[in-house]
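# Report on the structure
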Amino acid sequence: MGHMQTYVVPGAVLTEREHRVPLDHTDPSGAQITVFTREVADPDGGRDKPYLLFLQGGPGFEATRPTSPPTGWMARAIKDYRVLLLDQRGTGRSTPVGEIPGETPADQADYLTNFRADSIVHDAEMIRTELGGKRWSVLGQSFGGFTSMTYLSIAPDGLAAAFITGGLAPIGRPIDDVYRATYVRLIEHNTRYFDRYPDDRGRVREIHRRLEDDDVRLPSGDRLTVRRLRQLGLSLGDSAGFELLHHIVELPFGSRPFLEDVERGVRFGRNPIYATLHESSYADGGATRWSAHRLLPDEVRDGELFTAEHIFPWMFEDYGALRGHRAAAELLAEHDWPRMFDLDQLRHNEVPVAATIYTDDLYVERAFAEETAAAIRGLRPWITNEYQHNGLRADGERILDRLIALAHGRA
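What this report covers is the structure whose coordinates are included nearby. What you are looking at is a predicted structure, and each value in this text was computed from that prediction instead of being measured.

## Some remarks on the sheet that holds strand 6 (residues 136-141)
Taken in spatial order, the 9 strands line up as 1-2-3-5-4-6-7-8-9 in an open sheet, and their pairing is mixed. Edge positions in the open sheet fall to strand 1 (4-9) and strand 9 (380-384), since each of these has one partner strand only. Between one strand and the next, the sheet's axes are offset by a mean angle of 20°, whatever the strand orientation. Summarising the sheet, strand 8 (residues 353-358) and strand 9 pair through 5 bridges and their orientation is parallel. Paired with Tyr358 across the bridge in strand 9 is Thr384. Lying over the sheet, helix 3 (residues 117-130) contacts strand 2 (12-22), strand 3 (32-41), strand 4 (51-55), strand 5 (82-87) and strand 6, oriented at roughly 120° with respect to strand 2.

Next comes the structure, spelled out in structure tokens:
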């Protein structure tokens, strides 16, 4: 273990650690990277409690940063656990992925093949051993839930329980099934959005017209294109997303607030792994071949509808911060990804698991999530229409409390 630092703040004791792990876990004597964790414990005896590992959504986003005192799901968690916030490899304070190491695009693509869920699980197991080796529980949000399923597949002996929020991935389904389903949900969300804000149809059409006629530049210097504007629909699956989107569309076109808010509306430049590896997170075997791009419906491509959590090859041109990833992304789209989940192991699962399934989830298709819930032995689902995909952030204290009770047979 590398550097360690402890801070005592109102409501919590924070312990920061740096861990050295192999870039490629099949080559433990090869190149090393750093993975950062932050432990959050109740100051009144919390450092003796069992660990709860938090796996963030993404891929490509660092763990939630704690407040002082902790709030939301973290406030509930530290009553029973020491929370371990993992900056998954390539994110936050772990060895970052900005421009990709490697002399050639093939080298860069090969480097990024080490940043999927299986590598994150192997990192977690090394860290668990460093911290005493006792089984710990895991809380996985969205992609963090996918990673929790990989954990249950390849290292279940490390887990005491798993709590999954909006993160039950399809098992063994072709990736085109996934994106075809997301577009059905997307069109439904767009319809509801424009029903709520009908004047925005005209506003969006006018914005499109002006973007096609004029060279409009964002604060970064990137040109704002129609297809990039459409990606503001990424917020449509958030409980506050319709308002977030409307409050950008209503701004005077070309004004500083409009341009700043458009640029901040998506975070592909800040967290490039999110774009470059996103489709791979759904690839339970096989190549992705730009699935979202190939399946984009005409009514979305040719009209005023917004897209959502969809990655397109043109992004690696329109976003200046992604251009350095373009050649590697093209190679990764053709990469034959290995399976992420062991269906036989999941069918014989012995780890207590509870999971939320959001009936109207824009990002994780409910029907596929229910298939997965049925495939994992002993999983107790909470199927609810009370929340959108961001339920853990919106009402985390209640959600985690319910999942803990479900997993341990108290609900």
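On we go.
## Focus: the pattern of salt bridges
The full count for this structure, using the stated rule, is 39 salt bridges. Between Arg180 and Asp177 there is a salt bridge; the shortest N-O distance is 3.7 Å. With Arg180 and Asp177 both in helix 5 (residues 175-196) and 3 residues apart, the pair spans about one turn of that helix. Residue Arg180 is classed as partly exposed on the basis of its relative accessible area of 45%. Residue Asp360 is joined to Arg185 by a salt bridge in which the shortest nitrogen-to-oxygen separation is 3.9 Å. Here Arg185 lies in helix 5 and Asp360 lies in the loop between strand 8 and helix 16 (366-375), a separation of 175 residues in the sequence.

## Quick word on the pairing of strand 3
For strand 3, the tally of buried residues reaches 9 of 10 residues, placing the bulk of the element in the interior. As defined by bridge partners, strand 2 adjoins strand 3 across 10 bridges and the pair is classed as antiparallel. Residue pairing in the sheet places Glu18 in a bridge with Phe36 of strand 3. When strand 3 meets strand 5, the two strands line up antiparallel, connected through 5 bridges. Following the sheet pairing, Val40 is matched in strand 5 by Val83.

## Things to note about the nonpolar core
Within the largest apolar cluster, 105 residues are counted, with the highest numbers of intra-cluster contacts made by Leu53, Trp136, Leu168, Tyr193, Phe268, Phe306 and Met315. For this core, the element with the highest residue contribution is helix 5, accounting for 7 residues. Aside from chain neighbours lying at most four places away, what touches Leu168 is Phe146, Met149, Ala355, Ile357, Val364, Ala369, Thr372, Ala373 and Leu379. Membership of the second largest hydrophobic core comes to 27 residues, among which are Trp73, Val83, Phe163 and Ile399.

## With respect to unusual backbone geometry
A cis geometry characterises the amide bond from Gly58 onward to Pro59, with omega recorded as 5°. Among the secondary structure elements, Pro59 is positioned in the loop between strand 4 and helix 1 (72-80). Its identity as a non-glycine residue notwithstanding, Ser142 has a phi of 55°, on the positive side. Relative to the elements of secondary structure, Ser142 occurs in the loop between strand 6 and helix 4 (143-154). What makes Ser142 buried here is its relative accessible area of 9%. The phi angle at Arg289 is positive, at roughly 50°, despite the residue not being glycine.

## Overview of the pairing of strand 2
Among the 11 residues that make up strand 2, 9 are buried, leaving the element largely enclosed by the rest of the structure. Alignment of strand 1 against strand 2, held across 6 bridges, turns out to be antiparallel. Bridge pairing in strand 2 links Thr6 to Thr15. The turn linking strand 1 back onto strand 2 is made up of 2 residues, and Gly11 within it adopts a positive phi angle of 90°.

What counts, and where the lines are drawn
- Residues numbered from 1 in each chain as written.
- Predicted model: local features only at pLDDT ≥ 70, side-chain atom pairs only at ≥ 80, totals over all residues.
- Heavy atoms only, no water.
- Pairing = 2+ DSSP bridges.
- Helix = DSSP H or I, 4+ residues; strand = E, 2+ residues; numbered from the N terminus.
- Axes fitted to C-alpha atoms, helices over the stretch in contact; angles between N-to-C directions.
- Contact = heavy atoms within 4.5 Å.
- Salt bridge = Lys/Arg side-chain N within 4 Å of Asp/Glu carboxyl O.
- Buried < 20%, exposed > 50% of the residue type's maximum accessible area, 1.4 Å probe, protein only.
- Core = buried A, V, L, I, M, F, W, Y, C linked by side-chain atoms within 4.5 Å.

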